Amino acid sequence: MLTARDIYKGFDSVGVLKGISMTVNKGEVVALIGPSGSGKSTFLRCVNQLERIDQGEIMLDDEVMCKTENGVLTYSDEKVLRLITLRMGMVFQSFNLFPHMSVMQNLIDAPIRVKKLTKADATKKAKELLQKVGLSEKADQYPFQLSGGQAQRVAIARALCMDPEILCFDEPTSALDPELTQEVLAVMRDLAAERMTMMVVTHEMSFARDVADRVVFMEGGQIVEEGAPEVLFSSQNPRTRKFIGGI
Ligand SMILES: Nc1ncnc2c1ncn2[C@@H]1O[C@H](COP(=O)(O)OP(=O)(O)OP(=O)(O)O)[C@@H](O)[C@H]1O
Ligand SMILES: [Mg+2]
């Protein structure tokens, strides 16, 4: 479903992504692991069009976000990029809820503005998704009234309100206590069980091991190794072993 080929990206001429190629198939959960600074967030941000790449190709099914021919990178026109954006969702470490909006307003804002749903339809859907993440009673609260775990579950529900075909997570539990981490991971496990396509940057090795179909280990802007969890976690590659051993 998602194809990234030979992605290069630098900041101020410092290379951060150095030839990353990755696919995520429909219904698959891919965990992206690696040391701090290895380019995991940058890769996710490029895929979600929050950053532009320098070279390479990104496609969502047949829809081309950008491609490189004869060394020349071109991005598709705004209309195509918008269509692709609409098919993807992103959940951040820091929740990124709108602080001045209630939980319900956070959930229905984009569906109404962007997807042109009626308020009634958007609200109905938002209620279903709040129930799914176990927060029906929080609809009228504001983000500051929520625990971190609740805020992150709202952020997941908000992303789901847009019906994404693929959901990307950037360390969704890193800001949370172990207990709150578990309630967010439980929601993600449910999504995985429903075959939601997901790409998850995570330090939660137990999640990667138990839930991911495939684990990708990144270091220094390159993919060192990838494979099924049982393969990757018993890897003989010294770099992989060093990273996994250190966690
Ligand atoms: N906007 C930016 N401007 C300049 N450099 C950046 C920018 N964003 C990221 N970088 C650099 O790119 C490198 C990779 O950063 P990135 O955030 O992608 O790593 P990461 O693997 O997500 O790390 P972490 O596990 O700490 O989140 C780092 O050296 C970082 O300093
Ligand atoms: Mg990061």
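So, how was this worked out
Residues numbered from 1 in each chain as written. Chains lettered and ligands numbered in written order. Predicted model: local features only at pLDDT ≥ 70, side-chain atom pairs only at ≥ 80, totals over all residues. Heavy atoms only, no water. Pairing = 2+ DSSP bridges. Helix = DSSP H or I, 4+ residues; strand = E, 2+ residues; numbered from the N terminus. Axes fitted to C-alpha atoms, helices over the stretch in contact; angles between N-to-C directions. Contact = heavy atoms within 4.5 Å. Phe/Tyr/Trp six-rings, centres within 6.5 Å; stacked < 30°, edge-to-face > 60°. Lys NZ or Arg CZ within 6 Å of the ring centre and 35° of its normal. Buried < 20%, exposed > 50% of the residue type's maximum accessible area, 1.4 Å probe, protein only. Right-handed = clockwise from strand over helix to strand, strands pointing away.

Student: Please set out the sheet that holds strand 7 (residues 88-91) residue by residue, giving values where relevant.
Tutor: Ordered in space as 7-8-9-3-10-11, the six strands form an open sheet in which the pairing is mixed. A strand with exactly one partner marks an edge of an open sheet, and here the two such strands are strand 7 and strand 11 (222-227). Taken pair by pair, the neighbouring strands of this sheet meet at an average axis angle of 20°, ignoring direction. Seen against the sheet, helix 6 (residues 178-193) touches strand 3 (29-33), strand 8 (166-170) and strand 9 (197-201) and runs at an angle of roughly 145° to strand 9.

Student: So what about the packing of aromatic side chains? Which residues, and what values?
Tutor: For the structure on display, the rule yields one aromatic pair. The side chain of Arg52 reaches across the aromatic face of Tyr75, ending 4.0 Å from its centre. Across from the ring centre of Phe233, 4.6 Å away, lies the NZ or CZ of Arg209, which sits over that ring.

Student: Go over the pairing of strand 9 with me, naming the residues and quoting the values.
Tutor: For strand 9, a buried count of five out of five residues is recorded, marking the element as mostly surrounded by other parts of the structure. Neither face of strand 9 is open: one carries Thr197, Met199 and Val201, the other Met198 and Val200, and all of them are buried. Of the pairings in the sheet, the one linking strand 3 to strand 9 comprises four bridges and is parallel in character. Paired with Val29 across the two strands is Met198, which belongs to strand 9. Once the chain exits strand 8 it traverses helix 6 before rejoining the sheet at strand 9, and the crossover so formed is right-handed.

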